[in-house]
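Spelled out from the first residue to the last, the chains are:
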Amino acid sequence: MLYAIISEDVANSADLRKGARADHLARLHQLKDAGRLVLAGPHPAVDSNDPGAAGFTGSLVVAEFGSLNEAQAWADADPYVSAGVYARVQVKPFKMVLP
C-alpha cells in the first residue's frame, strides 16, 4: 500500500537540512531503486522552486510500504528527524487515484 509521509520543519531549518541532506537523499534513492517511491520533495517557504534564504517548511514523500507500522518506522529513521529538521512527521495511508 502507498503511504504519505508529511513532515513539517522547525523554524530556520536550512542549516540543519544541509547537514543531513546527503543521508536523507540516499534513503530516498534506495526507495526509488526498489521501485517503491512515487514522489518526494520539499515544500518551499515561498512561491518559488528556489526559495533561497526563505528555505523550506517541510517535505512530502509518497511511497509503498508493507504496512503503516513499516512506513512509520521508515519515517522515524529519517536523518532529518535525528538532525532536528522536522518538528512533526505524520504518516497516513494514501490511495492514488490519478494519474
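This text goes with the structure placed above it.
Residues numbered from 1 in each chain as written. Predicted model: local features only at pLDDT ≥ 70, side-chain atom pairs only at ≥ 80, totals over all residues. Heavy atoms only, no water.

Asker: Can you help me understand the overall build of the chain in this one?
Answerer: Helices and strands together make up the secondary structure of the chain, namely three helices and four strands. Of the regular secondary structure in the chain, the N- to C-terminal order runs β-α-β-β-α-α-β. Its C-alpha radius of gyration of 13 Å places the chain within 12% of the 13 Å reference for a compact globule of 99 residues. Taking the principal axes of its C-alpha atoms as reference, the chain extends roughly 35 × 30 × 25 Å. Within the chain, buried positions represent 30% of all 99 residues. Looking at the chain alone, contacts between residues at least 24 apart form 73% of all its contacts between residues at least 6 apart. Each charge class in the chain was averaged separately, 9 positive and 11 negative side chains, and the resulting centres sit 4 Å apart. (Helix = DSSP H or I, 4+ residues; strand = E, 2+ residues; numbered from the N terminus. Rg over C-alpha atoms; globule rule 2.2 N^0.38 Å. Buried < 20%, exposed > 50% of the residue type's maximum accessible area, 1.4 Å probe, protein only. Contact = heavy atoms within 4.5 Å. Lys, Arg positive; Asp, Glu negative; His and termini not counted. Charge placed at Lys NZ, Arg CZ, Asp CG, Glu CD.)

Asker: Help me understand the environment of His24, please; the structure alone is not making it clear to me.
Answerer: Relative to the elements of secondary structure, His24 occurs in helix H1 (residues 14-33). The exposure class assigned to His24 is buried, which follows from its relative accessible area of 7%. Setting aside anything within four residues of it in sequence, one finds His24 in contact with Asp78, Pro79, Tyr80 and Tyr86.

Asker: I keep staring at the nonpolar core and nothing clicks. Help me out?
Answerer: Nonpolar side chains in soluble globular proteins generally cluster together in the buried interior. Membership of the largest hydrophobic core is limited to 11 residues, which are Tyr3, Ile5, Leu28, Leu31, Val61, Ala63, Phe65, Ala71, Trp74, Ala75 and Val91. Counting only elements with at least two residues in this core, the list comes to strand S1 (2-9), H1, strand S3 (56-64) and helix H2 (68-76). Sorting elements by how many residues they give to this core places H2 first, with three residues. Ignoring any residue separated from it by four or fewer positions in sequence, one finds Leu28 in contact with Leu37, Ala40, Val61 and Trp74. (Core = buried A, V, L, I, M, F, W, Y, C linked by side-chain atoms within 4.5 Å.)

Asker: Even after reading the chapter, I still don't get the pattern of salt bridges, so can you show me in this structure?
Answerer: One side chain can pair with another of opposite charge once the charged atoms of both are near each other. All chains considered together, the criterion is met by two salt bridges. Residue Asp9 is joined to Arg17 by a salt bridge in which the shortest nitrogen-to-oxygen separation is 2.7 Å. The burial state of Asp9 is the same as that of Arg17; both residues are buried. (Salt bridge = Lys/Arg side-chain N within 4 Å of Asp/Glu carboxyl O.)

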